Amino acid sequence: MKSEMIFSGFGGQGALAIGKFIAQSAMSEGKNVSWLPSYGPEMRGGTANVSVVVSDTEIASPVVSFPHIMVALNQPSLDKFGPSVKANGLIVVNEDLCPNVVKRDGVDYVVAPLNKISKEIGDDKVLNMIAIGIIIEKTNIIKYDTLADHLTSFLKDRNAELLALNLEAIKKGMELAR
Amino acid sequence: MGNKVLMKGNEAVAEAAIRSGCRLYFAYPITPQSELIEYMAKMMPKVKGTFLQAESEVAAINMVYGAAGMGKRVMTSSSSPGISLKMEGISYLAGARLPAVIINVQRGGPGLGDIQPAQGDYFQATKGGGHGDYRLIVLAPSSVQEFADMASDSFDLADKYRVPVMILSDGLLGQMMEPVEFKEYKTDKEIEELGKQHYDWCIHTNEDGKGHHHNEINSLEIDPNVLERHVLNLEQIYKEIEKNEVKHEEYNINDNNEFVCVAFGTAARIVKSAIDDLNAEGRNIGLIRPITVWPYPYKEIAKTIHGNVKRVFVFELNLGQMVEDVKLAVNGKVPVEFMGKVGGLVFTPEEIKEKIKAYL
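Residues numbered from 1 in each chain as written. Chains lettered and ligands numbered in written order. Predicted model: local features only at pLDDT ≥ 70, side-chain atom pairs only at ≥ 80, totals over all residues.

**A closer look at the overall build of chain A**
Part 1 of the argument: From N to C terminus, chain A includes 6 helices and 6 strands.
Part 2 of the argument: A compact globule built from 178 residues should have a C-alpha radius of gyration of about 16 Å, and chain A, at 15 Å, falls within 12% of that.
Part 3 of the argument: Overall size of chain A, expressed as C-alpha extent along the three principal axes, is 40 × 40 × 35 Å.
Part 4 of the argument: When each of the 178 residues of chain A is scored for burial, the buried share is 48%.
Part 5 of the argument: For chain A, the share of sequence-separated contacts (at least 6 apart) that also reach a separation of at least 24 residues comes to 58%. (Helix = DSSP H or I, 4+ residues; strand = E, 2+ residues; numbered from the N terminus. Rg over C-alpha atoms; globule rule 2.2 N^0.38 Å. Buried ≥ 20, exposed ≤ 12 C-beta atoms within 10 Å, placed from the backbone. Contact = placed C-beta atoms within 7 Å.)

Okay, structure coming up:
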């Protein structure tokens, strides 16, 4: 099985980190992965994005044209990548920064105010983790436990408080997607 | 999956170089290879190596010349415009028969171009670039793992033949993260031994006692007869390399191929996706991926052109450079079609499928 994904938002929202955490967790679960960032001179407010492929077999092209899963953290991202998401695909939309959501038929949408929810959790920084939670609940690309273990080993000694917020954000995302 | 780590190509090749005994690295930053120089800046002090950010690319390659003259494993890296600046020094390295590793993380050109992936430096890497009759061994990776593995391969080849070796990568492979597994670190003792293999020609401290012989590192031979001998000697070495070191990958190459594609590096990854899709629809298309682009797998490509093959396709992220070598290999037996993408753009599998489908 092969899953192709694009995560996009403006710089600083953590779109590239969504890809990194998913790729790292999938790798720990024994999958082949590739993580290809856009590294051009992205405009402020534009679309810093990353293409991630997770596959049971060798990954040929790391370039994703038609993703199965897309996360749009802002409106330009939704406008740019929304139309290319495959039929039966999943689009996660940050309602707070995407005022215009025109839903396509045959595509699953989770539209949620990620900025607002992350503030309620207690830190803007965990916005991207809510999106990962949604993906975990909606797909079987990675398991919650794998990501939680990974985050724990990474953050436990450095910032235990942020670790707790991250885990809460992932769980919140999973709830939202139910 | 063992000890796989998720790393950018730029970082992975730097780590692999250190593990294979590189303790001297000189470079000047440029996108999209800057993670490589950053990684070296961070790691070299930890292994008691030398990292030096030179004042320019020209200075960096000449520092490489000096260190290589000491018989040490030394490396530099840059991206296309910076590699052009290093060309004089590369010619000198070749002329003085110095082993060194040069990494080119290619970006769009000509001129300053842009910072996106491209393969426009194929001619420069494989046909010269610097002046005079010389060759570089040029390795073209296609994944982060292969990029990393090529670090130690390059040093081994450079040491074996006393020639500079180039890894011809691109911005996509430099920036992309993939799982990579590393070889063990060479021990200090092993690194010392590696240096000693060059004692008969390199500059080193007097450890021989009385009658110590002074070696000279030079690319100037003012007597034409001496220079002729030197260049003919180089030719012999290059012939030896052509005989021994050609490497390529065959992907779905078989006796019933109707089409054969040829692509290297990043382009080959995209082509694999495209032919996977077409073969799933019942076609039979193979891919040859040169791993060494000099020496070039002419014979290996020629072998795949049998009675059933109707056409050869070449895909490159340039206006058509390697296609000339493919045509030499195919030698007019079947038509050779080319599709390129320039400006730092990368073609999609869909574009490649469309090109091939036009000839079905």
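On we go.
**Here we look at the sheet that holds strand β10 (residues 259-262) of chain B**
Residues and elements named next belong to chain B.
Part 1 of the argument: Spatial ordering of the open sheet is given by β9-β11-β10-β13-β14, a layout of 5 strands whose pairing is mixed. In this open sheet, the two strands that pair with only one neighbour each are β9 (248-251) and β14 (336-340). Across the sheet, the mean angle separating the axes of adjacent strands is 20 degrees when strand polarity is ignored.
Part 2 of the argument: Note: β10 against strand β11 (residues 285-290), 4 bridges, orientation parallel. Residue pairing for β11: cysteine 261 is matched across the bridge by leucine 287.
Part 3 of the argument: Running over the sheet, helix α12 (residues 322-330) touches β10, β13 (311-316) and β14 and is turned about 160 degrees from β13. (Pairing = 2+ DSSP bridges. Axes fitted to C-alpha atoms, helices over the stretch in contact; angles between N-to-C directions.)

**Some details on the interface of chain B and chain A**
Part 1 of the argument: Facing the 21 residues of chain B at the interface are 16 residues of chain A.
Part 2 of the argument: Broken down by secondary-structure element, the contributors of at least two residues to the side of chain B that touches chain A are α7 (171-175), β8 (177-180), α10 (265-280) and α13 (349-357) of chain B.
Part 3 of the argument: In terms of residue count, α10 of chain B provides more of the side of chain B that touches chain A than any other element does, 5 residues in total.
Part 4 of the argument: A per-class count over the side of chain B that touches chain A returns 11 nonpolar, 4 polar and 6 charged. (Nonpolar A, V, L, I, M, F, W, Y, C, P; charged D, E, K, R; others polar.)

**So, the environment of alanine 118 of chain B**
Residues and elements named next belong to chain B.
Part 1 of the argument: Assignment of secondary structure puts alanine 118 in the loop between β5 (100-106) and α5 (122-127).
Part 2 of the argument: Since 28 C-beta atoms lie within 10 Å of it, alanine 118 is described here as buried.
Part 3 of the argument: Residues alanine 118 and alanine 267, spaced 149 residues apart in sequence, show a C-alpha to C-alpha distance of 9.2 Å.
Part 4 of the argument: Non-local contacts of alanine 118, meaning those with residues more than four positions away in its chain, are made with Gln106, Arg107, Gly108, Gly109, Asp170, Leu317, Asn318, Val342 and Gly344.

**Some words on the sheet that holds strand β6 (residues 137-139) of chain B**
Residues and elements named next belong to chain B.
Part 1 of the argument: If you trace the 7 strands from one edge of the open sheet to the other, you get β3-β2-β4-β5-β7-β6-β12, paired in mixed fashion. Edge positions in the open sheet fall to β3 (50-53) and β12 (292-294), since each of these has one partner strand only. With direction set aside, neighbouring strand axes in the sheet form an average angle of 20 degrees.
Part 2 of the argument: Here strand β2 (residues 24-27) pairs with strand β4 (residues 74-78) via 2 bridges, running parallel. Looking at β4, one finds that leucine 24 is bridged to valine 74.
Part 3 of the argument: Against the sheet, helix α2 (residues 34-43) engages β2, β3, β4 and β5, with an angle of about 135 degrees to β3.

Worth remembering: the numbers are spatial, not functional.
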